[in-house]
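# Commentary on secondary and tertiary structure
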Amino acid sequence: EELIEIPFHKLNIQQVVELNTKILKNCGMLEKNLPKNEIVPRLKADCEEFKEKIPILQCLRSPDLKPRHWLKIEQTLDRKLLGAENLTLYTFEDASAFEGENAMAIEEVAGQATGEARLEDSLKKVDLIWKSFELAVVPYRDARDIFILAGFDELQVALDDSNVTIATISASRHIGSLKPRIDEWARQLDLFGKTFEAWTTVQTSWIYLEAIFSAPDIQRQLPQEAKMFMVVDKSWKEMMRFVSKYPLALPAMTQNGYFEILQKNF
């Protein structure tokens, strides 16, 4: 009777389960040690009946349920639940929440909510990685204002891990409302990967050619090639100076049009 009257949002499921288990255990002892009576069998039957409701009760008290999930439960039970006053266990008993198709529908919604919550946790880890991950920009040959990119391995590991996480989430049947965010992450990581590949290729070529065309005699011997290199050299140095000031990896690799610049310079 107390459980039925407690405000539903205050119902502690762990305590409910422990109480029901304790009473059932006591009923077993009482059956053996008391004379035959009508009280213990009735108490035991009530607890056995309540025990069958606990899985649905756990679903309804799941912390993963969001308003969008409660709307589905409202539709299933044909009851106003969000923001409803005097919401108790009896409200759900009266709506047949623990029976047949209603119970199955609630389990499905709760399972979806839990699945989405686990996926959101994984997505938050990806968000957290790229929120603060900075490119390792280092001076080139001790020059003050000429920079190159270092730390390729660390960057590649972070990119690979993020790609695996996003692919795993994308393949989940619980992706639901996360799909737009996952699609956007997949797009950004794809662009990130292509930009990173182009970046390393251009940097390798630039380092090789810079050593050649920095020699005055080579510039005289190959004036046309030297002129072409100077165009790329200027673009590369300007890009790297900007990145040295704003080294956040995700914006640098996806939002500044660097992929197109690097493709043009390759």
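Anything mentioned here points back to the structure above.
No experiment lies behind these values; they were computed from the predicted model shown. (Residues numbered from 1 in each chain as written. Predicted model: local features only at pLDDT ≥ 70, side-chain atom pairs only at ≥ 80, totals over all residues. Heavy atoms only, no water.)

## With respect to the overall build of the protein
Scanning the protein for helices and strands turns up 12 helices and two strands. A globule of 266 residues ought to have a C-alpha radius of gyration of about 18 Å, yet the protein, at 32 Å, is considerably larger. Its C-alpha atoms give the protein principal-axis dimensions of about 115 × 40 × 30 Å. Out of the 266 residues belonging to the protein, those deemed buried represent 38%. Looking at the protein alone, contacts between residues at least 24 apart form 70% of all its contacts between residues at least 6 apart. For the protein, the distance from the average position of its 33 positive side-chain charges to the average position of its 41 negative side-chain charges is 4 Å. (Helix = DSSP H or I, 4+ residues; strand = E, 2+ residues; numbered from the N terminus. Rg over C-alpha atoms; globule rule 2.2 N^0.38 Å. Buried < 20%, exposed > 50% of the residue type's maximum accessible area, 1.4 Å probe, protein only. Contact = heavy atoms within 4.5 Å. Lys, Arg positive; Asp, Glu negative; His and termini not counted. Charge placed at Lys NZ, Arg CZ, Asp CG, Glu CD.)

## Observations regarding the nonpolar core
Judged by nonpolar contacts, the single largest core of 43 residues is most densely connected at Trp130, Leu135, Leu155, Phe192, Trp199 and Trp236. Looking at this core, the elements with two or more residues in it are α6 (100–132), β2 (147–150), α7 (152–171), α8 (179–213), α10 (223–245), α11 (249–254) and α12 (258–265). The biggest single contributor to this core is α8, with 11 residues. Dropping the residues within four chain positions of it, leucine 155 is found in contact with Trp130, Phe133, Leu135, Phe192, Phe196, Ala249 and Met253. (Core = buried A, V, L, I, M, F, W, Y, C linked by side-chain atoms within 4.5 Å.)

## Some words on the environment of proline 180
Within the secondary structure, proline 180 is located in helix α8. Sequence spacing of proline 180 and phenylalanine 242 is 62 residues, and the spatial spacing of their C-alpha atoms is 31 Å.

## Digging into a negative patch on the surface
On the surface, a cluster of negative charge is made up of Asp46, Glu48, Glu49 and Glu52. When you line up the elements, glutamate 48 lands in helix α3 (residues 39–60). (Patch = residues over 30% accessible without salt bridge, like charges linked within 9 Å, V, L, I, M, F, W, Y side chains within 5 Å. Areas by Shrake-Rupley, 256 points an atom, 1.4 Å probe, with all protein chains shown as cover. Salt bridge = Lys/Arg side-chain N within 4 Å of Asp/Glu carboxyl O.)

## So, the layout of surface pockets
Of the volumes computed, that of the largest pocket is approximately 590 Å³. Contributing to the lining of the largest pocket are 21 residues, with Glu1, Leu3, Ile4, Asn20 and Phe50 lying nearest its centre. Sorting the residues of the lining of the largest pocket by element identifies α1 (2–5), α2 (13–33), α3 and α5 (89–94) as the ones contributing at least two each. Take the lining of the largest pocket: its biggest share by element is six residues, from α3. Partitioned by chemical class, the residues of the lining of the largest pocket number 11 nonpolar, three polar and seven charged. Looking at the second largest pocket, its volume works out to about 240 Å³. For the lining of the second largest pocket, a count of residues per class yields 10 nonpolar, five polar and one charged. (1 Å grid on protein atoms, 1.4 Å probe; cavity = no way out; pocket = protein on both sides within 12 Å on 5 of 7 lines; lining within 4 Å. Points joined across faces, edges and corners; volume = space filled by probe spheres on them. Nonpolar A, V, L, I, M, F, W, Y, C, P; charged D, E, K, R; others polar.)

## Concerning the side chain of glutamate 120
For glutamate 120, the position within the fold is in helix α6. Excluding residues that lie within four positions of it along the chain, glutamate 120 makes contacts with Lys66, Arg68 and Leu178.

## Considering the side chain of threonine 195
For threonine 195, the location among the structural elements is in helix α8. Given the relative accessible area of 0%, threonine 195 is considered buried. The contact partners of threonine 195, leaving out residues within four places of it in the chain, are Met253, Tyr258, Phe259 and Leu262.

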